[in-house]
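# Notes for the structure review
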Amino acid sequence: MRRLLPLLGLSVLAACASQPARKYVVFFSNQSVELNDTARNVIAEAARKAQNHPGSIVQVEGYAAAGGDLSADALIAIQRAKLVAETLHKDGVSGDRIRQTPRAPSSGEGMTVGARRVEIELVSP
């Protein structure tokens, strides 16, 4: 039995290492670039995870719903990604680890809540 415990522990660690990185999703109100308390908590949790994994890159992808003016919608996606990246930096993540990527609005996403988001993901360099 004692011989099996180290093997079991290694198996659990291997399973954890092979799991895909978790995405942290920050949602925004329609046409908004304001963070609410829930959004701040999600960003703080992602920052803590990033600090526990100092070798990882923090990928920040901003999205916006496609409305009547795609240029304005793209600007909102950029502003959302920038705001989340700045908040991650304030929460202790080194700025050189943060990569911002705004995503162009898609008319297929419409005004759904899922289109008004920023995704944070820790990735290997």
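In this convention, every chain numbers its residues from 1, walking through the sequence in written order. Given that this is a predicted model, residues contribute local features only at a pLDDT of at least 70 and side-chain atom pairs are listed and counted only at 80 or more, while totals for whole chains, interfaces and linings are drawn from all residues. Excluded from the side-chain calculations are hydrogens and water; all other atoms, namely the structure's heavy atoms, are used.

### Details of helix H3 (residues 70–90)
This is how the line gets drawn: The way it works is that DSSP assigns letters per residue, a run of H or I at least four long becomes a helix, a run of E at least two long becomes a strand, and they are numbered from the N terminus. By this rule the span expected of a helix is its residue count minus one, scaled by 1.5 Å. Working definition: with a 1.4 Å probe on protein chains only, accessible area under 20% of the residue-type maximum means buried, over 50% means exposed, and in between means partly exposed. Our arc is simply the arc of the directions from the helix axis toward the C-beta atoms. When checking whether two residues touch, look at their non-hydrogen atoms; a contact exists if any pair is within 4.5 Å.
Its 21 residues place the ends of H3 30 Å apart at the C-alpha level, agreeing with the 30 Å of an ideal helix rising 1.5 Å per residue. Three or more residues of H3 are buried, namely Asp73, Ile76, Ala77, Arg80, Ala81, Val84, Ala85, Thr87 and Leu88. Taken down its axis, H3 places every buried residue within 165° of arc, on the same side. Of the exposed residues in H3, the ones pointing more than 90 degrees away from its buried face are Ser71 and Lys90. Tucked inside the fold, the buried residues of H3 contact strand S1 (23–27), helix H2 (37–52), strand S2 (57–62), strand S3 (98–102) and strand S4 (117–123). Within two residues after H3, Gly92 carries a phi angle of roughly 110°, on the positive side.

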